[in-house]
Amino acid sequence: MHSWLLYLLPLLIVLWLYTRGWKRRDRRSREALAAAEEAGLREPVSLHPVIDPNRCIGSSACVKVCPEDALAIIDGKAELVNGSACIGHGACLTACPVEAISLVFGTEKRGVDIPIINPNFETNVPGIFIAGELAGMGLIRKAAEQGKQAIDHIKELRTNAPDQLDVIIVGAGPAGIAAGLGAIQHKLKYRLIEQEDSLGGCVYHYPRNKITMTAPVNLPIVGKVKMSEIRKEDLLEFWGGVVKKTGLVVKYRERMETITKSADGFIVKTSRRSYRSRSVLLTIGRRGTPRKLDVPGEEQPKVVYRLIDPEQYRDKRVLVVGGGDSALEAALALSNEPGTQVTLSYRGEAFARVKQKNRQQLTDAEGTGLVRVLLGSSVSSIQTDKVAIKHNGETLEIDNDWVIVCAGGVLPTPLLQQIGILFETKRGTV
Ligand SMILES: Cc1cc2nc3c(=O)[nH]c(=O)nc-3n(C[C@H](O)[C@H](O)[C@H](O)COP(=O)(O)OP(=O)(O)OC[C@H]3O[C@@H](n4cnc5c(N)ncnc54)[C@H](O)[C@@H]3O)c2cc1C
Ligand code: SF4
């Protein structure tokens, strides 16, 4: 054999293996793109990457770091395939070796309303401040930093009136927690209210054991907290410890409902009472308030608006309401728990805008009797141990221990616009 063949042969084999792998990846990416297109999941919700195809070298660095499988390489270039899965935390931007990625808000089709705030986080309504994700920054560290910085400015508005708070902080996510700690540090008269029964905001709703990627953050009183990758549960435990150690008071299950201007500040009406406050800091994020069913019996503690831990529902009779991916994923997760009886009720006649994978798994689960699916149905009342559901002209009475409503959220934008806060609609801009 010629000696050059000895070198050429391995080279050809490597080239063949590389091309085969490349073609396989490309095929998988195209399949993911087609599935996302079919399910209407291409449009990003808010902050997301745009890739400059002239710069992109197809290194896959962004694809590898994306925890949500939102990106793929097609024709040798990165593409945002599953836009609706993007959480906008920008790991792809940092990973790109040739700076081909920038993060923008909204798209031509779907504008994103961002409140107009000044560098002190104050809106055009003097005395109302906004920090964290609602202000447009979708990261734990950034939200916490903004909460702290906003309070540094709010402290200048301190009041001497005995029956008035210096600040009411709405929302106990990362921004609200940091703001609350800042309020203690500056000895402000504060209230921190949270509509849920736990702190953490978005983090509280991450899937179980999700690895959260964050960066060191400087919290008031606590000091520098060094963390990079941490399990959701550990992060919540850390914050729980901070609350205990610092005496931060969080009023749970209290929802801000309206804000009205008074002579010397604001009157904030919540689901429990009214407060007079010199200023208001909104750290309410972008998830909004869960959409309700508005049916008799919904106020019972057995009605919740998000599945956190499927194990909790083992051996129980659970009704899931909704027709989006979160409803299907909740029903499927529950169907894997031993002894759990799952019913899924949805108003629509078909699950139109969901991932193909979820639709298929639900069909399988229905086929094997693990989930009972009631399309074209609506819940009419919830009793202690039953639910009444209208379906095909009849009212079904189903034995029930828990109701999980996954019907999306009501965004706070209209409420804030009513107070006079101005928004800018971003359509693919930074
Ligand atoms: C699936 C997912 C994964 C993510 N992963 C990461 C990650 O790995 N790393 C990272 O840095 N970021 C990540 N993020 C983004 C990060 O979680 C958010 O940017 C951050 O939580 C925003 O903090 P926030 O305090 O501004 O708002 P939020 O965390 O949304 O908190 C807002 C709080 O306000 C409360 N609230 C809302 N309205 C009212 C009302 N009317 N009255 C009373 N309370 C109210 C809400 O209940 C909530 O608790 C992720 C986001 C998602 C959705
Ligand atoms: S911003 Fe985060 S979730 Fe969105 S594509 Fe980049 S890495 Fe993935």
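Please refer to the structure placed before this passage.
Below is a summary of the structure that appears in this document.

Cut-offs applied
Residues numbered from 1 in each chain as written. Chains lettered and ligands numbered in written order. Predicted model: local features only at pLDDT ≥ 70, side-chain atom pairs only at ≥ 80, totals over all residues. Heavy atoms only, no water. Near = heavy atom within 4 Å. Nonpolar A, V, L, I, M, F, W, Y, C, P; charged D, E, K, R; others polar. Polar contact = N/O pair within 3.5 Å; in protein donor to acceptor, adjacent residues only side chain to side chain. Areas by Shrake-Rupley, 256 points an atom, 1.4 Å probe, with all protein chains shown as cover. Helix = DSSP H or I, 4+ residues; strand = E, 2+ residues; numbered from the N terminus. Pairing = 2+ DSSP bridges. Contact = heavy atoms within 4.5 Å. Axes fitted to C-alpha atoms, helices over the stretch in contact; angles between N-to-C directions. Right-handed = clockwise from strand over helix to strand, strands pointing away. Core = buried A, V, L, I, M, F, W, Y, C linked by side-chain atoms within 4.5 Å. Buried < 20%, exposed > 50% of the residue type's maximum accessible area, 1.4 Å probe, protein only. Phe/Tyr/Trp six-rings, centres within 6.5 Å; stacked < 30°, edge-to-face > 60°. Lys NZ or Arg CZ within 6 Å of the ring centre and 35° of its normal.

Thoughts on the site of ligand 2
Then, number 1: Close to ligand 2 lie Pro49, Cys66, Glu68, Ala70, Leu71, Cys86, Ile87, Gly88, His89, Gly90, Ala91 and Cys92.
Then, number 2: Residue composition of the shell around ligand 2, by class: 8 nonpolar, 3 polar and 1 charged.

Brief notes about the site of ligand 1
Then, number 1: Contacts to ligand 1 come from 29 residues, most closely from Glu133, Glu194, Cys202, Tyr206 and Met213.
Then, number 2: Between ligand 1 and Cys202 there is a distance of 2.8 Å, counted from an oxygen atom to a backbone nitrogen or oxygen.
Then, number 3: Protein burial of ligand 1: of its 1,000 Å² of free accessible surface, 91% is covered by the chains.
Then, number 4: Of all the elements in the fold, those that place two or more residues in the shell around ligand 1 are helix H4 (140-154), helix H5 (174-185) and strand S9 (211-213).
Then, number 5: Counted by class, the shell around ligand 1 contains 13 nonpolar, 10 polar and 6 charged residues.

Quick word on the side chain of Ser345
Then, number 1: Looking at where Ser345 falls in the secondary structure, it is placed in strand S20 (residues 341-346).
Then, number 2: Here Ser377 takes part through its side chain, which lies 2.8 Å from a polar atom of the side chain of Ser345.

Brief notes about the sheet that holds strand S21 (residues 371-375)
Then, number 1: In spatial order, the strands read S18-S25-S19-S20-S21; together these 5 strands make up an open sheet with parallel pairing. Looking at the sheet topology across the chains shown, the edges are occupied by strand S18 (303-304) and S21.
Then, number 2: Across 2 bridges, the pairing between S18 and strand S25 (residues 402-405) is parallel. Bridging from a neighbouring strand, Val303 pairs with Val403 of S25.
Then, number 3: Packed on one face of the sheet, helix H8 (residues 356-367) meets S20 and S21 and runs near 115° to S21.

Regarding the pairing of strand S8 (residues 190-193)
Then, number 1: The pairing of strand S7 (residues 165-170) with S8 spans 4 bridges and is classified as parallel. Bridge pairing in S8 links Val167 to Tyr190.
Then, number 2: For the crossover that starts at S7, traverses H5 and ends in the parallel S8, the hand is right-handed.
Then, number 3: The pairing of S8 with strand S13 (residues 250-251) spans 2 bridges and is classified as parallel. Along S13, the bridge assignment pairs Ile193 with Lys251.

Focus: the nonpolar core
Generally speaking, a soluble globular protein has its nonpolar side chains buried in company with each other.
Then, number 1: Core analysis: the largest hydrophobic core is formed by 36 residues, its most contacted members being Ile151, Val167, Ile169, Trp239, Leu248 and Leu281.
Then, number 2: At the level of elements, H4, S7, H5, S8, strand S10 (217-219) and helix H6 (232-246) are the ones that each hand at least two residues to this core.
Then, number 3: Ignoring anything within four residues of it in the chain, the contact list for Trp239 reads Ile140, Pro174, Ile177, Leu199, Gly200 and Val203.
Then, number 4: Judged by nonpolar contacts, the second largest core, of 21 residues, contains Leu307, Ala331, Val373 and Ile404.

Focus: the environment of Leu293
Then, number 1: Turning to its location among the elements, Leu293 is positioned in the loop between strand S17 (289-290) and S18.
Then, number 2: Once the C-alpha coordinates of Leu293 and Val321 are considered, the two residues, 28 residues apart in sequence, prove to be 9.0 Å apart.
Then, number 3: Contact partners of Leu293, with chain neighbours within four places excluded, come to Glu298, Val321, Val379 and Val405.

Concerning the packing of aromatic side chains
Between two aromatic rings, the relevant description is the distance of the centres plus the angle of the planes.
Then, number 1: Applying the stated criterion across every chain yields a total of 2 aromatic pairs.
Then, number 2: On the basis of an interplanar angle of 90° and a centroid distance of 5.2 Å, the ring pair of Tyr313 and Trp402 is categorised as edge-to-face. Here the residue Tyr313 occupies a position in the loop between S18 and strand S19 (317-321), and Trp402 occupies one in strand S25, the gap between them amounting to 89 residues. Accessibility classification places Tyr313 together with Trp402 in one group, the buried group.
Then, number 3: Ring geometry for Tyr346 against Phe351: centres 5.4 Å apart, planes inclined by 15°, an arrangement best described as stacked.
Then, number 4: Residue class for Tyr346 comes out partly exposed when judged on its relative accessible area of 23%.
Then, number 5: Overall, the relative accessible area of 10% leaves Phe351 in the buried class.
Then, number 6: The ring of Phe266 carries the charged tip of Lys261 above its face, separated from the ring centre by 4.7 Å.

Functional significance is not addressed by these values, which are geometric in nature.
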